[in-house]
Amino acid sequence: MGYVFKDGLAFAKELDKSDSLHYVRDRFYLNEGEIYMDGNSLGLSSKDAEEALLNVFNIWRQEAIKIWGAENGRYFNFSKNIAEKLKYLINADADEIIIMGSITTNIHQGIATFYAPTENKYKILVDELNFPTDIYATKSMIDLKGYKAEDVLVKVKSKDGLTLSEEDIISKMDEDVALILLPSVLYRSSQLINMELITKEAHKRGIIIGWDLAHSIGCVPHDFKSIDPDFAVWCSYKYLNSGPGATAGMYINRKHFGMSAGLKGWFGNKDESQFLMNHDFDQDKDANGWLLGTHNIFSMAPLDGVLNIFNEVGIEKIRAKSLHITAYLMYLIDNKLSKYGYSIGNPREDQRRGGHICLEHHEAYRISLALRDNKVIPDYREPNVIRLAPVALYVSYEEVYRLVEILERIINDKEFEKYSFERVTVL
Ligand SMILES: *Cc1c(COP(=O)(O)O)cnc(C)c1O
């Protein structure tokens, strides 16, 4: 919005020169000559993450069981320590955040805790565009409560197959809805939902609401002090760059402290009594009461390390560059690629889009294969979407410019035609 761009490689280089984040790129491991546009699926490794991981390995090697007491219990309290660093990304208190599991397990935890169906209020509102695992977890919780998904699950429909309208979501918040689970940013179209509006409307109707921040955390700042959701979940391997399967996170609003955790485990017990080995669970007083088992230190260490970069740079600056570099990519698509059948599927307004561009083309699949052979790592989503994430921390404007030149050449020189339509699993 209000951005002024010019065509040409020289201009891209100028943008890199004036980019105050350009220096952080050197902290990440990029492959020479490769343009990485898939940070929304798996963020890149960094020196900070590597150092933190090797460091805990060494502590384990030297200290064995004493690792739990090393550095004043830093690793025994690893979730709390990481929460202290991560809280700035969502503007929440550290005692409202836990580091555990995966998005999938944490949705189970959220629904197991907050879904308390009654005769008149028992429905769960989701959307038809959400990621499958969110729906699987929700359905399995519905089964466990003895209900049937077809009676309980309500899906907000999308009018265009890409985006959701906030009005449509609100219009589905009927009296009988008990809980809502929605993504902050839609994984295909990059639409950023107005979380504050939706949360307020849910609360007006006495509905519990949880957000899945998979495609926003580390890219879009969230102000949980004003959004005030009941719970939220996220993964750490996308924009948080913490590695494949890195330990995920969960937020529990402090107004719910004291509620019984739906799923319980010994790390959710109060520290004082955890090792008394009682069979009566003595739940910790804050979000830590929702923890389950022993911290998976090696999958948490890279997050601990990389959060230093986030805090050094600041999430506001990351968002500003992300909006700017994605706007630049949209400008180039409009000006150079629309004549080749490419179009933009994501919303264009800053306040309605996340960190990736949803590029549509009827030949998207074969183009994505050609991109790989041109040393570009994209991400393809059926039926016609190429997701391109110029991640603020490590993608340069020059790379974005070169990417657009490659996208142009793939069509102009008919490079895509040498590939088969037959789907191979794109990883
Ligand atoms: C990436 C993603 C997931 C992945 O779930 P995991 O349990 O981390 O494998 C879930 N939901 C959404 C919306 C995602 O984008």
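Counting restarts for each chain: residues are numbered from 1 in the order of the written sequence. A pLDDT threshold of at least 70 governs which residues receive local features in this predicted model, and a stricter bar of 80 or more applies before side-chain atom pairs are shown or counted, although totals over entire chains, interfaces and linings include all residues. The side-chain values count all of the structure's non-hydrogen atoms but skip hydrogen atoms and water molecules.

Chemist: Which parts of the structure should I look at to understand the overall build of the protein chain?
Modeler: Helix numbering and strand numbering both begin at the N terminus, where a helix is a DSSP run of H or I of at least 4 residues and a strand a DSSP run of E of at least 2. In terms of regular secondary structure, the protein chain is built from 15 helices and 13 strands. Every radius of gyration here is taken over C-alpha atoms, with the globule rule written as 2.2 Å times N^0.38, N being the number of residues. Against the globule reference of 22 Å for 427 residues, the protein chain gives a C-alpha radius of gyration of 22 Å, in line with a compact fold. Summarising its shape, the C-alpha atoms of the protein chain cover approximately 70 × 55 × 40 Å along the three principal directions. Evaluated residue by residue, the protein chain yields a buried proportion of 59% over its 427 residues. In what follows, residue pairs with any heavy atoms lying within 4.5 Å of each other are defined as contacts. Looking at the protein chain alone, contacts between residues at least 24 apart form 73% of all its contacts between residues at least 6 apart. The Shrake-Rupley method, run with a 1.4 Å probe sphere, supplies the accessible areas, and residue values consider only the shown protein chains as cover. Surface accessibility of the protein chain: about 18,000 Å² in total, with carbon and sulfur atoms responsible for 51%. For the protein chain, the centre of its 50 positive side-chain charges and the centre of its 62 negative side-chain charges are spaced 2 Å apart. For each residue, the accessible area found with a 1.4 Å probe, counting protein chains only, is set against the maximum for its type, and the residue is called buried under 20%, exposed over 50%, and partly exposed in between. Only four residue types enter the tally: Lys and Arg on the positive side, Asp and Glu on the negative side, with His and both chain ends excluded. Working definition for charges: the position is that of NZ of Lys, CZ of Arg, CG of Asp or CD of Glu.

Chemist: Mind showing me how you'd approach the sheet that holds strand β10 (residues 357-360) here?
Modeler: Through backbone hydrogen bonds, the strands of a sheet pair up, either in parallel or in antiparallel fashion. What the 4 strands build is an open sheet, ordered β9-β10-β13-β12; its pairing is antiparallel. Where the open sheet ends on each side, the last strands, each with one partner, are β9 (343-344) and β12 (379-381). Strand pairing requires that DSSP identify at least two bridges connecting the strands. Sheet topology places β12 next to strand β13 (residues 385-388); 3 bridges connect them, and they run antiparallel. Following the sheet pairing, Tyr 380 is matched in β13 by Ile 386. Contacts from helix α14 (residues 364-373) reach β12 and β13 within the one sheet, and its direction differs from that of β13 by about 40°. Between N-to-C directions, angles span 0 to 180 degrees; the directions come from axes that are lines fitted to C-alpha atoms, helices contributing only their stretch in contact.

Chemist: Looking at this model, I keep getting lost on the environment of Glu 119. Mind explaining?
Modeler: Inspection of the secondary structure assignment puts Glu 119 in the loop between α5 (103-114) and β3 (123-127). Distance in space between the C-alpha atoms of Glu 119 and Ala 214 is 32 Å, their sequence separation being 95 residues.

Chemist: Explanation requested: the domain arrangement of the protein chain in the structure shown.
Modeler: Interfaces are often sized by the amount of accessible area the parts lose when they come together. Along its sequence, the protein chain is carved into domain 1 (9-30 + 314-418) and domain 2 (50-312). One C-alpha centre belongs to domain 1, the other to domain 2; they are set 30 Å apart. Taken together, the contacts link 32 residues of domain 1 with 24 residues of domain 2. Both faces combined, the contact of domain 1 with domain 2 buries some 2,300 Å², and carbon together with sulfur accounts for 55% of it. Accessible-area loss on putting two parts together, using a 1.4 Å probe and summing over both, is the definition of buried area adopted here. Contact with domain 2 buries surface across domain 1, with Ile 315, Arg 352 and His 356 losing the most and accounting together for 23% of the total. Any carboxyl oxygen of Asp or Glu that lies within 4 Å of a side-chain nitrogen of Lys or Arg is treated as forming a salt bridge with it. The tally of links between domain 1 and domain 2 comes to 1 salt bridge. The partner of Arg 27 in a salt bridge is Glu 312, with the nearest N and O atoms 3.0 Å apart. By convention here, the domain bounds are inherited from an automatic or database domain assignment.

Chemist: Explain a positive patch on the surface here, please?
Modeler: Patch membership requires more than 30% relative accessible area and the absence of a salt bridge. Residues of like charge join within 9 Å; the nonpolar side chains Val, Leu, Ile, Met, Phe, Trp and Tyr join within 5 Å. On the surface, a cluster of positive charge is made up of Lys 139, Lys 155, Lys 157 and Lys 172. You can see Lys 172 is positioned in the loop between α8 (166-171) and β5 (177-183). Owing to a relative accessible area of 34%, Lys 172 belongs among the partly exposed residues under this scheme.

Chemist: I would appreciate a short explanation of the sheet that holds strand β8 (residues 249-252) in the present structure.
Modeler: In spatial order, the strands read β2-β8-β7-β6-β5-β3-β4; together these 7 strands make up an open sheet with mixed pairing. Both outer strands of the open sheet, β2 (97-99) and β4 (153-156), are each paired with one neighbouring strand and no more. Taken over all neighbouring pairs, the strand axes of this sheet differ in orientation by 20° on average, direction set aside. Both strand β7 (residues 231-234) and β8 contribute to a ladder of 4 bridges, which runs antiparallel.

Chemist: Please explain the pattern of salt bridges as it appears in this structure.
Modeler: Two side chains that carry opposite charge are able to pair once their charged atoms sit near each other. With the rule as written, the count across this model stands at 29 salt bridges. The salt bridge partner of Lys 85 is Asp 304, with a shortest N-O separation of 2.9 Å. One end of the pair, Lys 85, is in helix α4 (residues 78-90); the other, Asp 304, is in helix α12 (residues 297-313), and 219 residues separate them in sequence. Across this residue pair, the class does not change: Lys 85 and Asp 304 are buried. Put simply, Glu 349 and Arg 352 hold a salt bridge, and the shortest N to O gap is 3.4 Å. Connected through shared salt-bridge partners, Glu 71, Arg 74, Lys 85 and Asp 304 make up one network.

Chemist: How should the site of the ligand be read in this particular structure?
Modeler: Among the 13 residues in the neighbourhood of the ligand, the closest are listed as Thr 104, Asp 134, His 215, Tyr 237 and Lys 238. Counting of polar contacts relies on pairs of N or O atoms within 3.5 Å, with two restrictions inside protein: one atom must be capable of donating a hydrogen and the other of accepting it, and residues adjacent in sequence are counted only when both atoms are side-chain atoms. A distance of 2.7 Å is found between a nitrogen atom of the ligand and a side-chain nitrogen or oxygen belonging to Asp 134. Measuring from an oxygen atom of the ligand, one finds a side-chain N or O atom of Tyr 237 at 2.7 Å. If the ligand stood free it would expose 390 Å²; the protein chains cover 87% of that surface. Elements that contribute at least two residues to the shell around the ligand include exactly α5 and α6 (132-144). Note that Gly is not counted as nonpolar here; it falls among the polar residues with everything else outside the nonpolar set of Ala, Val, Leu, Ile, Met, Phe, Trp, Tyr, Cys and Pro and the charged set of Asp, Glu, Lys and Arg. When the residues that make up the shell around the ligand are grouped by side-chain class, the tally is 5 nonpolar, 5 polar and 3 charged. Put simply, a residue is near a molecule or strand once any heavy atom of it comes within 4 Å of that molecule or strand.

Chemist: For this particular structure, what's the right way to read the nonpolar core?
Modeler: Side chains of nonpolar character tend, in soluble globular proteins, to be buried together. Side-chain atoms within 4.5 Å link the members of a nonpolar core, which is a set of buried Ala, Val, Leu, Ile, Met, Phe, Trp, Tyr and Cys residues. Formed by 111 residues in total, the largest nonpolar core has its most connected members in Leu 86, Trp 234 and Tyr 328. The element contributing the most residues to this core is helix α13 (residues 315-337), with 10 residues. Looking at this core, you find at least three residues from each of domain 1 (9-30 + 314-418) and domain 2 (50-312). Among all residues touching Leu 86, those that are not within four sequence positions of it are Ile 97, Ile 99, Ile 217, Trp 234, Leu 240, Leu 303 and Leu 307. Core analysis: the second largest hydrophobic core is formed by 33 residues, Met 100, Ile 107, Leu 153 and Ala 178 among them.

Chemist: Help me understand α4, please; the structure alone is not making it clear to me.
Modeler: Since one α-helical turn is 3.6 residues long, residues separated by three or four positions face the same way. Between its terminal C-alpha atoms α4 stretches 19 Å, which fits the 18 Å expected from 13 residues at 1.5 Å a residue. Across the chain, bend at a residue is computed as the angle between axes fitted to the seven residues ending at that point and the seven starting from it. The principal kink in α4, of about 40°, is found at Glu 84. Against the buried residues of α4 lie β2, α10 (224-227), β7, β8, α12 and α13. Where α4 ends, the next residue or the one after it, Asn 91, has phi of about 45°, a positive value. Residue count minus one, scaled by 1.5 Å, sets the expected span of a helix.

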